[in-house]
Amino acid sequence: MKRLFLLLIVLVSLNSCKKEEVETVEKTNPAAPIVEFGFKFNDFNVVHDTIENGDTFGSIIDSQNLGEKEVFDIVAKVKDTFDVRMMRMGKPFTILRTKDKTKKIQAFIYQPDRLNYYIIDFRDSIVVHKKTKPLTFKTRTIASALNGSLSETLKNEKVDPALAIQIAKIYAWSIDFFKLQKGDKFAITFTERYISDTVYDGVDSLKASYFEYKGKNIYAFPFEHNLNSGKLEYYDEEGKALKNFFLKAPLKFVNITSHYTQNRFHPVQHLWKAHKGTDYAAPTGTPIMTTASGIIEQAGFTTGNGNFVKVKHDKMYATQYLHMSKILVKRGQRVTQGQVIGKVGSTGLATGPHVCYRFWKNGVQVDALKLKLPNSTPMDSKNKPRFIAQMAPLKRELDSISKLKFKK
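Residues numbered from 1 in each chain as written. Predicted model: local features only at pLDDT ≥ 70, side-chain atom pairs only at ≥ 80, totals over all residues. Heavy atoms only, no water.

**Student:** I keep staring at the pattern of salt bridges and nothing clicks. Help me out?
**Tutor:** It is possible for side chains bearing opposite charge to pair when their charged atoms get close. Per the stated rule, a full pass over the model turns up ten salt bridges. Salt-bridge contacts for Arg85 lead to Asp83; the nearest nitrogen and oxygen are separated by 3.0 Å. The class of Arg85 is exposed, set by a relative accessible area of 67%. Residue Asp83 is classed as partly exposed on the basis of its relative accessible area of 27%. Of the charged contacts in the structure, one is a salt bridge between Asp399 and Lys395, with a shortest N-O distance of 2.8 Å. Of this pair, Asp399 and Lys395 both sit in helix α6 (residues 384-406), four residues apart, which is roughly one turn of that helix. Looking at Lys395, the relative accessible area reads 22%, which means it is partly exposed. (Salt bridge = Lys/Arg side-chain N within 4 Å of Asp/Glu carboxyl O. Buried < 20%, exposed > 50% of the residue type's maximum accessible area, 1.4 Å probe, protein only. Helix = DSSP H or I, 4+ residues; strand = E, 2+ residues; numbered from the N terminus.)

**Student:** Explain the sheet that holds strand β11 (residues 216-223) here, please?
**Tutor:** Either a parallel or an antiparallel arrangement is found when strands of a sheet pair, and the pairing is made through backbone hydrogen bonds. If you trace the five strands from one edge of the open sheet to the other, you get β8-β9-β10-β11-β12, paired in antiparallel fashion. A strand with exactly one partner marks an edge of an open sheet, and here the two such strands are β8 (135-145) and β12 (233-235). The average undirected angle you get between the axes of adjacent strands in this sheet is 30°. Bridge count for strand β9 (residues 185-195) against strand β10 (residues 199-213) is nine bridges, and the pairing is antiparallel. In the sheet register, Phe190 faces β10, and the bridge partner there is Leu206. Those strands touched by helix α5 (residues 163-170) are β9, β10, β11 and β12, and its axis lies near 40° from that of β10. Its contacts with the sheet put α6 on β8, β9, β10, β11 and β12, and the angle it makes with β11 is roughly 140°. (Pairing = 2+ DSSP bridges. Axes fitted to C-alpha atoms, helices over the stretch in contact; angles between N-to-C directions. Contact = heavy atoms within 4.5 Å.)

**Student:** Before we go on, may I ask you to explain the sheet that holds strand β6 (residues 116-121) in this structure?
**Tutor:** Strand order in the open sheet formed by five strands is β3-β4-β5-β6-β7, with antiparallel pairing between adjacent strands. Strands at the two margins of the open sheet, each flanked by one partner only, are β3 (45-50) and β7 (127-132). The average undirected angle you get between the axes of adjacent strands in this sheet is 15°. Where strand β4 (residues 92-97) lies against strand β5 (residues 105-110), five bridges are found, and the strand directions are antiparallel. Paired with Arg97 across the two strands is Ile105, which belongs to β5.

**Student:** Honestly, α6 in this entry has me stumped. Any pointers?
**Tutor:** Note: α-helices contain 3.6 residues per turn, so residues at a spacing of three or four share the same orientation. Its 23 residues give α6 an end-to-end C-alpha distance of 31 Å, which sits within 8% of 33 Å, the value for a rise of 1.5 Å per residue. A bend of about 30° at Met391 is the largest found in α6, and the proline Pro393 appears one to four places after it. Those residues of α6 that sit buried are Phe387, Met391, Leu398, Asp399 and Ser402. The inward-facing, buried residues of α6 abut β8, β9, β10, β11 and β12. (Expected span 1.5 Å × (residues − 1). Bend = angle between axes of the 7 residues up to and from the residue.)

**Student:** Hey, could you run me through the nonpolar core in this one?
**Tutor:** Considering soluble globular proteins, one finds that nonpolar side chains tend to be buried as a cluster. Counting residues in hydrophobic clusters, the biggest one holds 25 residues, and the most contacted among them are Tyr280, Ile288, Tyr321, Ile341 and Phe359. Of all the secondary-structure elements, those providing two or more residues to this core are β19 (306-312), β20 (317-327), β22 (340-344) and β23 (354-361). Excluding anything up to four places from it in sequence, Phe359 contacts Phe246, Tyr317, Ala318, Thr319, Val364, Gln365, Val366, Ala368, Leu371 and Leu373. Residues Leu163, Ile175, Phe211 and Tyr213 belong to the second largest nonpolar core, which totals 24 residues. (Core = buried A, V, L, I, M, F, W, Y, C linked by side-chain atoms within 4.5 Å.)

**Student:** How should the pairing of β22 be read in this particular structure?
**Tutor:** Side-chain positions along a regular strand alternate between the two faces of the sheet. Summarising the sheet, strand β17 (residues 287-289) and β22 pair through three bridges and their orientation is antiparallel. By the bridge assignment, Pro287 is partnered in β22 with Lys343. Bridging between β20 and β22 involves three bridges; their strand directions are antiparallel. Bridge pairing in β22 links Lys326 to Lys343.

**Student:** I keep staring at the side chain of His354 and nothing clicks. Help me out?
**Tutor:** Of note, His354 is situated in strand β23. From its side chain, His354 meets the backbone oxygen of Gly352 in a polar contact 2.9 Å long. Ignoring sequence-local partners within four residues, the contact set of His354 consists of Asp279, Tyr280, Ala281, Ala282, Leu322, His323, Val344 and Gly345. (Polar contact = N/O pair within 3.5 Å; in protein donor to acceptor, adjacent residues only side chain to side chain.)

**Student:** Can you help me understand unusual backbone geometry in this one?
**Tutor:** Among all residues except glycine, the phi angle is most often negative; among peptide bonds, the trans geometry is most common. The backbone of Asp197 sits at a positive phi, close to 70°, despite the residue not being glycine. Its location among the elements puts Asp197 in the loop between β9 and β10. A positive phi angle, close to 55°, is found at Asn362, a residue other than glycine. Secondary-structure assignment places Asn362 in the loop between β23 and β24 (364-366).

**Student:** What am I meant to see in the packing of aromatic side chains here?
**Tutor:** Geometry of an aromatic ring pair is reported as the spacing of the ring centres plus the angle between the planes. Going through the model one piece at a time under the given rule, you end up with 20 aromatic pairs. With a centroid separation of 4.6 Å and 15° between ring planes, the pair formed by Phe82 and Tyr118 is classed as stacked. Of this pair, Phe82 sits in the loop between α3 (71-78) and β4 while Tyr118 is found in strand β6, placing the two residues 36 residues apart along the sequence. For the pair Phe82 and Tyr118, one class covers both residues: buried. Taking 5.5 Å as the distance between ring centres and 35° as the angle between the ring planes, the aromatic pair formed by Tyr321 and Tyr357 counts as tilted. In this pair, Tyr321 is assigned in strand β20 and Tyr357 in strand β23, connecting sequence segments 36 residues apart. Accessibility assignment for this pair places Tyr321 and Tyr357 in one class, buried. One aromatic cluster is present, formed by Phe57, Phe82, Phe93, Phe108, Tyr110 and Tyr118 through successive ring pairs. Across from the ring centre of Phe406, 5.4 Å away, lies the NZ or CZ of Lys185, which sits over that ring. (Phe/Tyr/Trp six-rings, centres within 6.5 Å; stacked < 30°, edge-to-face > 60°. Lys NZ or Arg CZ within 6 Å of the ring centre and 35° of its normal.)

Structure, rendered in C-alpha cells:
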C-alpha cells in the first residue's frame, strides 16, 4: 500500500512538470528568429496565456520572480497608460523571462484586441508603452455571378461576407436587392486590412463596383466633395447620385410575398379585394426601417393593420408600415432615412410575419415599386472633372476583369 501511495505521488509530480513545460514552451531555433512586439523571443523564456476567470494583474505578476519590486508599486507607475482593471477574461497575454534558472520577469504584454497591445518593461526601471501593430492595405478586384445571397457569393469568392452589408447600404436607393437573381453579374474593387502585413483583418472600404440590374450595369464610385472631410457620397459613371429620396424597401435581404394589386384573394378574410401595398416576408423581430426622413404621423393599432406606423415625408409623400410586433417610435417624432421604427410581426389580419409597405403620393395610395422617385442633390459641376479623373481608371479595372471572367 505504501509503495502504491509513493507511485501515485510520482505520477502526479510528473504530470505537474509536464503541464508547466507545455505552458512555457520556447521556440529557440537560431535559424528562425521570432520577433514579436519588438522583442526577439529567442532570447527569452516565453509564456503565452489568456486571462481566466478570477485572474488579476496582481495574481499573474505576483507569481513571477519580481525581485524587490512590489505589485502595488508597479500598478501605480503604469496606471496613467495602462489601467490593469480593464483586463478582460479570454484576452491573451505574454510574459518574457530570463532563460537562466531564475526565470526573472523581463516584460509583460497584454493584448486587448488584435491591433493594440500594452508592454510593461521590467528590465531597468519600470516603463509602460501602448502600441499599435502596423496596418497595411491591399486592393483587390473580383468579378462574379450571384449564386445564392450576396454574402454567400462573396464568401465563395473568399471575400469577407460582411462587405455585403456595406454594398447593400450603398445601393439601397438604386437597386432592389429582392429582385436580383441567380446569375446576375457584379464586379467590385475593395481594400482589405492586414495587421503586421500578414494577419487578415477584414474589408476596409469599397472603391468601386457595378451590379447587373434589369439588364443594365449600375456603377458606384465613392467621391469626397470637400477634400479631407471624410464624408463620401456614391455616384454612377456619369456623376449621377445613387442616393435617392426614398430607400427601395423597408427591410434588408427578404422576399416579396405579395405585390400591389387591385384584386387579390385575402388569405385571412377569404374574399377578393384590393391590396394597396407590398408585403415583405421576414422573421419576427426583423428591424423595419423608414424609407425616407419625416415625421411620425400615426403610431398605433387597428384590427386590420395590427401595430402600424405612418410617416409623413413632405407635402407630397407618406409611407405606412403594418403588422409590427413592436412599435419603436411615437407620434410627432422626427425620424431619419433608414432609422428603425419597429419590428416585423404578424399582428392584425396577417397569416405570418411580414411588413405590408404602403405608399401615398398626393394623398393617393400608389405602387411604390413602379413609382419614379426623386433623386438627391446632383454633383456640383466644379467637382465633375476631379470625379471623372478618379473614376475612369477604376471603371476600366472593373470592366477589364469582367471581360476576362465572363468572356464566352
